[in-house]
Amino acid sequence: MWFGATCRGDRDGGLQRKPVRHRATVAALVFVALVLALARPAAAATAQQGDAIVNVATARSQTDPPIDSAPATVRVRIASAGTLTLLQYAPRSPGAAPEAIAQGAYQNGPAPTGTLQPLPAPRLAGASAPLDLSQNLPLLQTSSYHQGDPVFIRVADSDQNLDRTVRDTVLVTVTDDLTGDLEIVRLTEDGPDTGLFVGYVPTQRTLSLAAARTGALLSSTPYDGVLQVAEGSRLLARYTDAYSGDALSAAAVVDPFSLVFDSATGLPVNGASVTVVDVATGQAATALSDDGIASFPSTVVSGTSARDGNGRVYPFAPGEFRFPFLRPGSYRFEVTPPAGFSAPSKATDAALQALPGAPFTVMSPGSRGEPFVLEPGPAMRIDVPLDPASVALWVQKTASREVVGVGDALSYEISVTNADKQSAAASVLAVDALPPGFRYRRGSAQRNGSAIADPQISLDGQVLTFDLGDLPPSGAASVRFLVTVGAGAQVGTVATNVATASSAGGGRSNRAEASVRVSDDFFSARSFILGRVSTGKCDAKDGVGDEGVPGIRVVLEDGTLAISDGKG
């Protein structure tokens, strides 16, 4: 549309104004209309999340046809709080919810250079075929995964629902603390206008857990679409919403180790034999390694290690044990505790969670020998508490003599009996407290008649600690050793020796005593001077002079005196 104006001079040489004319008509009526079209049902009163608002400018005149500008579209976006959840494939779990999963994608480098590349369909460890994404997948919230299984991720964030007619997408970053791997994956809305975004990242076991035990990072390749993990590692998913400012995260453990621990202290317990039993058959279950193919022992010992059928060694930290792969089914643990402990534990869950080192994953059923059900997915963590055995230890103490003198050697014997007929006593220690002046004679210790190493001796030499090892139920051990009565012994008193015993499981014994009297033996603590007072020459030989002279007082420097008798 064009508007113009003309002007020309009048007779007086001045200017005469003429009316502005449209080139088509003088009486033109011109207006511009701004039309806002809201792309949503007319019945709604207010704009909703994801609504499209279209802006069109139109120019009209009386003669020319209307002219419309190109439409400018904006979307209604209302900031909202989001959530991030980690999920696992759980087809048999009643709590699983079906989710529509689109084919995933990963970013092959950091922003802004990285581009999205397609991911293959998710596949479970050991499975021959991938999961069918044309069907909804049953997913369940989880805090643990098995190596090789996909990690499913869900973000609920309605302010990312930018188009109500299509499935929008968001990006999530996933890392592993032991391998150092980092992957960025795309989540796709599970349907138009839902605000729920779901996706996945494959996982793969990296090499050498032993290196991870030393604190070294395991090998990985970031931005390759596969998250490298290791048993016991911790993966972290993070999502940032730049519009609302949300920064969300969720963590999970890969193949967590179960723990055998002391129900009284919370400390790990090594040496517990754990067998996984198939409830259906009552026999030891078939366990497999992490690849779901190689065999794995059905009985392991906490705090040691295990070896699978391919020769791979699985090291366990103190108190830990693990069965990498079990088929879905019903199982139970048979636990043979080490000496000094008993199972199943009688401690309550509340008492256990109050211990140092809590929280423990004490599950009922499972932790106390009850059957538990395994669904497809990662191995469950089931911690096993053991109660310290309150075994009764009985101690007797005897001495080889009742009376001793300074310089004498004396033999003592300590007898320790495990009075418990069912539980062994672990790491039994016999402790002997010697009287003042009594000293242990090195190399003299014997256990049940055979020579043993010298006991641990306190700095003052008064306390002896003998290591008797484990005592089986109703078992006993005796220790015999020699002591020397030194000059520090209190002559004329009764010297009492005290013996006690203890075990690693908290067992305590009675207090046993043996007493001896320390006497003043002849010539042991005093000396005698013998002489004779007689008449005669000074050089006379003994007994040559006259008869002895009685009544003579002989006085020593300390005032001690003696009076000669009738023979002098």
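Structure: see above.
These remarks concern the structure in this document. This one's a predicted model, so the numbers in the text were calculated from it and none came from an experiment.

Notes on the nonpolar core
Phase 1 of the analysis: One finds L84, L86 and I153 to be the most contacted residues of the largest nonpolar core, which totals 33 residues.
Phase 2 of the analysis: Excluding residues within four positions of it along the chain, L86 makes contact with L140, Q141, T142, Y145, V151, F152, I153, L235, A237, A250, A251 and A252.
Phase 3 of the analysis: In this structure, L393, A430, F438 and Y440 belong to the second largest nonpolar core, which totals 31 residues.

Some words on the packing of aromatic side chains
Phase 1 of the analysis: The tally for this structure, following the rule as stated, stands at twelve aromatic pairs.
Phase 2 of the analysis: A network of ring pairs unites the aromatic residues F321, F323, Y331, F333 and F372 as a single cluster.
Phase 3 of the analysis: Its guanidinium or amino end placed over the ring of F257, R322 lies 5.5 Å from that ring's centre, counting from NZ or CZ.
Phase 4 of the analysis: A cation over a ring is seen here: K397 above Y412, with NZ or CZ 4.2 Å from the ring centre.

Some remarks on the environment of P344
Phase 1 of the analysis: Within the fold, P344 resides in the loop between β33 (341–342) and α2 (349–353).
Phase 2 of the analysis: Judged by relative accessible area, which is 45%, P344 ranks as partly exposed.
Phase 3 of the analysis: As for P344 and D387, which are separated by 43 residues in sequence, their C-alpha atoms are 7.6 Å apart.
Phase 4 of the analysis: Apart from residues no more than four positions distant in its own chain, P344 is found in contact with R368 and D387.

Examining the side chain of S411
Phase 1 of the analysis: Within the fold, S411 resides in strand β38 (residues 409–418).
Phase 2 of the analysis: On the accessibility criterion, S411 (12% relative accessible area) is buried.
Phase 3 of the analysis: Within the structure, S411 has its side chain in polar contact with the side chain of R480 (distance 3.4 Å).
Phase 4 of the analysis: Those residues in contact with S411, other than ones at most four positions away along the chain, are T398, A399, S400, R480, F481 and L482.

Concerning the side chain of Q462
Phase 1 of the analysis: Inspection of the secondary structure puts Q462 in the loop between β43 (456–457) and β44 (463–471).
Phase 2 of the analysis: Judged by its relative accessible area of 14%, Q462 falls in the buried class.

Here we look at a nonpolar patch on the surface
Phase 1 of the analysis: A cluster of nonpolar side chains, V555, L561 and I563, forms an exposed patch at the surface whose accessible area comes to about 290 Å².
Phase 2 of the analysis: Take L561: it is sitting in strand β50 (residues 561–563).

Cut-offs applied
Per chain, residue numbering runs from 1 following the sequence as it is written. Residues qualify for local features only when their pLDDT is at least 70, as the model is predicted, and side-chain atom pairs are given and counted only at 80 or more; totals for whole chains, interfaces and linings, by contrast, use all residues. The side-chain figures draw on all heavy atoms in the structure; neither hydrogens nor water molecules are used. Residue types Ala, Val, Leu, Ile, Met, Phe, Trp, Tyr and Cys, when buried and joined through side-chain atoms within 4.5 Å, form a set referred to as a nonpolar core. Only protein chains enter the accessibility calculation, which uses a 1.4 Å probe. A residue is then buried if its area is under 20% of the maximum for its type, exposed if over 50%, and partly exposed in between. Pairs of residues are marked as contacts when any of their non-hydrogen atoms sit within 4.5 Å. Think of it this way: a Phe, Tyr or Trp ring, Trp meaning its six-membered ring, pairs with another when their centres are within 6.5 Å, and the plane angle makes it stacked under 30 degrees, edge-to-face over 60, tilted otherwise. Charge over a ring is defined by NZ of Lys or CZ of Arg lying within 6 Å of the ring centre and within 35 degrees of the ring normal. Strands here are runs of E lasting at least two residues and helices are runs of H or I lasting at least four, both read from the DSSP assignment and numbered beginning at the N terminus. Whenever a nitrogen or oxygen atom comes within 3.5 Å of another N or O atom, the pair is scored as a polar contact, on the condition that within protein one atom can donate a hydrogen and the other can accept it, and that pairs from neighbouring residues in sequence are kept only if both atoms are in side chains. Residues enter patches when their relative accessible area tops 30% and they take part in no salt bridge; the joining distance is 9 Å for like charges and 5 Å for the nonpolar side chains Val, Leu, Ile, Met, Phe, Trp and Tyr. Surface exposure here means Shrake-Rupley accessible area, sampled with a 1.4 Å probe, where a residue is shielded only by the protein chains that are shown. What counts as a salt bridge is simple: a side-chain nitrogen of Lys or Arg found within 4 Å of a carboxyl oxygen of Asp or Glu.

All we've got here are geometric facts, nothing functional implied.
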